[in-house]
Amino acid sequence: MANRLDKILSTMGFGSRKQVKELVKNGCVTVDGEVVKDSSMHIDTDIQELHVNGEKIEYKEFVYIMMNKPRGVISATEDEFGHETVIDLLDDGYKGYNLSCAGRLDIDTEGLMIITNDGQLVHRIISPKKQVVKKYYCVLDYIITDKDINEFEKGIVLADAYKCLPARLEKISDKEAFVYITEGKFHQVKRMFYARRNNVRYLKRVQIGNLELDSKLEPGEYRELLAEEIKMIFE
Ligand code: URA
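Given the structure is predicted, the values throughout are model-derived calculations rather than measurements.

Draft legend 1. Expanded view of the overall build of the protein. Within the protein one finds 6 helices and 15 strands. Projected onto its principal axes, the C-alpha coordinates of the protein cover approximately 70 × 35 × 35 Å. Across the 235 residues that make up the protein, the buried fraction comes to 46%. Here the contacts in the protein between residues at least 6 apart in sequence split such that 63% fall between residues at least 24 apart. Charged side chains in the protein number 35 positive and 40 negative. The centres of these two groups are separated by 6 Å.

Written out as structure tokens, the structure reads:
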């Protein structure tokens with residue numbers, strides 16, 4: 001797909017449109033081996049080769065990132081209190097992409113975070129209507145009961161009287177479980193257990209749809225998703 005050269009280069013982190021214009025004017029940019037001087041020209045990066053100062057530029061319209069979000073980091077693009085955000089953890093090359101998070105995780109929650117500039121994908125992941133299941137691993141302060149499992153299945157009523165959609169609670173041990181939910185209300189998993197007089201001590205999102213968090217990613221690490229992995233979210 002064809003895009004303006006200045007848009008491509010500023011998205012790729014080469015500065016503002018003005019700075020990119022200067023870069024192009026100075027002869028630093030080639031298209032298919034020819035120096036170009038007009039930063040408003042359109043180029044199709046699927047078929048044309050772009051170099052800046054001899055370095056090949058791989059432009060993609062959409063970027064899809066899987067991150068293992070660490071504790072202490074905010075899952076937003078910016079934070080009014082100056083906390084570090086997941087976007088701050090990314091390489092500078094991603095900074096121009098106008099990325100956002102597909103669903104929020106609390107500051108103390110770890111795990112699978114999808115970061116993309118594809119707004120439609122974000123909507124499909126977070127909309128409860130789409131029924132994409134999010135799986136969380138939880139460690140609780142108190143023993144999980146059979147009654148808890150039944151109540152999760154019926155739909156937990158939160159302290160503000162909101163009735164959650166039916167959720168699966170899968171006990172792993174007395175105080176450990178997987179929870180499967182299709183919606184993402186504020187502090188949802190914590191509030192669901194709170195409604196059962198229990199307390200979440202540790203929370204990690206491990207799966208979205210059929211896409212599991214890559215176990216090789218340490219907290220704070222990330223990688224781009226493969227096309228087949230993006231499909232797995234909705235399978
Ligand atoms: N539920 C929570 O309580 N917190 C999260 O971060 C995600 C789901």
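The discussion continues.
Draft legend 2. Structural context of the side chain of Thr182. By secondary structure assignment, the location of Thr182 is in the loop between strand S12 (176-181) and helix H5 (188-195). With relative accessibility at 9%, the residue Thr182 sits in the buried group. In this view, Thr182 contacts Pro128, Gln131, Val132, Val133, Lys134 and Leu165; residues no more than four positions away in its chain are not counted.

Draft legend 3. Highlighting the packing of aromatic side chains. In total, this model carries 6 aromatic pairs according to the counting rule given. On the numbers, 6.4 Å between centres and 45° between planes, the contact of Phe62 with Tyr64 is tilted. Residues Phe152 and Phe193 carry aromatic rings whose centres are separated by 5.0 Å and whose planes lie at 50° to one another, so their mutual orientation is tilted. Of this pair, Phe152 sits in helix H4 (residues 146-154) while Phe193 sits in helix H5, and the two are 41 residues apart along the sequence. We classify Phe152 as buried; its relative accessible area is 0%. Every member of this aromatic cluster is reached through a ring pair, and the members are Tyr137, Phe178 and Tyr202. For the cation-ring pair, Arg124 lies above Phe234, with the distance from its terminal atom to the ring centre recorded as 3.8 Å.

Draft legend 4. Just the site of the ligand, in detail. Near the ligand the following residues occur: Leu105, Asp106, Thr109, Tyr136, His187, Gln188, Val189, Lys190 and Leu203. Within the contact set of the ligand, a nitrogen atom lies 3.0 Å away from a backbone nitrogen or oxygen of Val189. With 3 residues, H5 is the largest single contributor of residues to the shell around the ligand. Here the residues of the shell around the ligand are counted per class, giving 4 nonpolar, 3 polar and 2 charged. Two domains each put at least three residues into the shell around the ligand: domain 2 (64-128 + 216-232) and domain 3 (133-208).

Draft legend 5. Representation of the domain arrangement of the protein within the structure. Along its sequence, the protein is organised into domain 1 (2-56), domain 2 (64-128 + 216-232) and domain 3 (133-208). Here the C-alpha centre of domain 3 lies 23 Å away from the C-alpha centre of domain 2. Contact with domain 2, which involves 17 residues of that partner, is made by 14 residues of domain 3. Summed over both partners, the interface of domain 2 with domain 3 comes to about 1200 Å²; 46% of that surface belongs to carbon and sulfur atoms. Of all residues in domain 2, Asp106, Glu110 and Leu112 give up the largest surface area on contact with domain 3, accounting jointly for 38% of the area buried on that side.

Draft legend 6. Layout of the side chain of Glu110. Structurally, Glu110 is set in strand S9 (residues 110-116). For the buried Glu110, no salt bridge is present, and the opposite-charge side chain at shortest range is Lys204, 4.7 Å distant. Contact partners of Glu110, with chain neighbours within four places excluded, come to Lys69, Pro70, Arg71, Leu105, Tyr202, Leu203, Lys204, Arg205 and Pro219.

Draft legend 7. Region of interest: the environment of Val86. Its location among the elements puts Val86 in the loop between strand S7 (64-69) and strand S8 (100-101). According to the relative accessible area criterion, Val86 is buried, its value standing at 0%. Through-space distance from the C-alpha of Val86 to that of Asn26 is 35 Å; in sequence the pair is 60 residues apart. Other than its neighbours up to four places away in sequence, Val86 contacts Met67, Lys69, Val73, Ile74, Ser75, Ala76, Cys101 and Ile115.

About the cut-offs
Residues numbered from 1 in each chain as written. Predicted model: local features only at pLDDT ≥ 70, side-chain atom pairs only at ≥ 80, totals over all residues. Heavy atoms only, no water. Helix = DSSP H or I, 4+ residues; strand = E, 2+ residues; numbered from the N terminus. Buried < 20%, exposed > 50% of the residue type's maximum accessible area, 1.4 Å probe, protein only. Contact = heavy atoms within 4.5 Å. Lys, Arg positive; Asp, Glu negative; His and termini not counted. Charge placed at Lys NZ, Arg CZ, Asp CG, Glu CD. Phe/Tyr/Trp six-rings, centres within 6.5 Å; stacked < 30°, edge-to-face > 60°. Lys NZ or Arg CZ within 6 Å of the ring centre and 35° of its normal. Near = heavy atom within 4 Å. Polar contact = N/O pair within 3.5 Å; in protein donor to acceptor, adjacent residues only side chain to side chain. Nonpolar A, V, L, I, M, F, W, Y, C, P; charged D, E, K, R; others polar. Domains from an automatic or database assignment. Buried area = accessible area lost by both parts, 1.4 Å probe. Salt bridge = Lys/Arg side-chain N within 4 Å of Asp/Glu carboxyl O.

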